Amino acid sequence: MKTILVTGGTGYIGSHTCVELINAGYDVVVLDNLYNSKKVVLDRIETITGKKPKFYEVDILDRAGLDKVFKENKIDAVIHFAGYKAVGESCVIPLTYYKNNISGSVNLYEAMKDAGVMTVVFSSSATVYGDPASVPIKEDFPLSTTNPYGTTKLYNERILEDVSTSDEEWSVMLLRYFNPIGAHKTGLLGETPNGIPNNLVPYVAQVATGQREYLRVWGNDYNTVDGTGVRDYIHVVDLALGHIKAVEYALEHKGVEKVNLGTGIGYSVLQVKDAFAKASGKEIPYQIMERRPGDIATCYADTEKAKEVLGWTAQYGIDEMCQDGWNFTLKNPNGIE
């Protein structure tokens, strides 16, 4: 049985991926500093799967802590989620983002190398495409970024490519996610951001529950179906299943692969709002605001490579994403406690 180390494993995407790894028969070791998550998530993973992952409360900036994890476990591969992830916040505190997301990651890759673990699935992002010249976005499109968060993702990709070039024993999967939403069918796992949500769906959920008065829609003069920004939303469980396929592939192949994980379908802000209103049976009042700097009009994936290389396709549509998100909100009105 293979053992997978999941950094950031109590977070939103990490926790769903732990569930799917355990269901697929892997042993899971979780490393997390609990900066943006809670330890009780491990109990919820156990409730869903019948198995509790081994847990280390370690920060990726703590090299001795990382070495201890590799020393005490025979790790076969690493899925690296740990990192700060808010675009807006990264513009305010860029140094914090560079220190954590880049220095911390280099620490992890060094610890992996010293332990002889050369297989990594890296949690990248569609932000590495910057403002694409056209859609759908293919993996060979030019790369650029519009914010420090995106830059940390792009630098990590470059670092891992250089590492792989320097030593052909490395196996690297760079997974470029589009916009993960939704929650586990049980309502036990979902997205619970601290403070004001940076992402659309948690914000819409808070409007639906009455925690917030209205949804702020940033700009309605884009060249899109209704003037609001269009994004490729993907169910977090689909995303998690993509990681299982990526780990399987990485354990069998050397070198670097870059793969988009999305649905290939774009939905506007107002279309997502309407889908959530339908799922919740609640009215979602909204106000149009000025465009946000750094935002782009349209962004959705070309998903052919994921199909060809990983044999993976997203299964869930926007209605199910919103239904599962609403189910989680109803069962966890104050987030995961």
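Reading the values: the criteria
- Residues numbered from 1 in each chain as written.
- Predicted model: local features only at pLDDT ≥ 70, side-chain atom pairs only at ≥ 80, totals over all residues.
- Heavy atoms only, no water.
- Phe/Tyr/Trp six-rings, centres within 6.5 Å; stacked < 30°, edge-to-face > 60°.
- Helix = DSSP H or I, 4+ residues; strand = E, 2+ residues; numbered from the N terminus.
- Buried < 20%, exposed > 50% of the residue type's maximum accessible area, 1.4 Å probe, protein only.
- Lys NZ or Arg CZ within 6 Å of the ring centre and 35° of its normal.
- Axes fitted to C-alpha atoms, helices over the stretch in contact; angles between N-to-C directions.
- Parallel < 35°, antiparallel > 145°, perpendicular 65-115°, else oblique.
- Left-handed = near helix turned anticlockwise from the far one by under 90°.
- Contact = heavy atoms within 4.5 Å.
- Nonpolar A, V, L, I, M, F, W, Y, C, P; charged D, E, K, R; others polar.

1. Here's the deal with the packing of aromatic side chains
So, point 1. For the coordinates displayed, the defined rule picks out four aromatic pairs.
So, point 2. Pairing Phe276 with Trp326 gives two aromatic rings, centres 5.9 Å apart and planes at 85°, and the pair type is edge-to-face. With Phe276 in helix H9 (residues 269–280) and Trp326 in helix H11 (residues 318–331), this pair connects stretches of sequence that are 50 residues apart. Taken as a pair, Phe276 and Trp326 share a single burial class, namely buried.
So, point 3. Chaining the aromatic ring pairs together yields one cluster made of Tyr35, Tyr84 and Tyr97.
So, point 4. Over the ring of Tyr203 we find Arg212; its NZ or CZ atom is 5.5 Å from the centre of that ring.
So, point 5. Just above the ring of Tyr222 sits the side chain of Arg291; from NZ or CZ to the centre is 4.0 Å.

2. A short note on the packing of helix H5 (residues 94–115) against helix H6 (residues 148–166)
So, point 1. It is at 9 Å that the axes of H5 and H6 come closest, and there the two elements cross at 20°. Between H5 and H6, the angle is such that the two are roughly parallel. In this structure, H5 meets H6 at a crossing whose hand is right-handed. Here Pro94, Tyr97, Tyr98, Asn101, Ile102, Ser105, Val106 and Tyr109 of H5 come into contact with H6, specifically with Pro148, Tyr149, Thr151, Thr152, Tyr155, Asn156, Ile159 and Leu160.
So, point 2. Partitioned by chemical class, the residues of the contact of H5 with H6 number eleven nonpolar, five polar and no charged.

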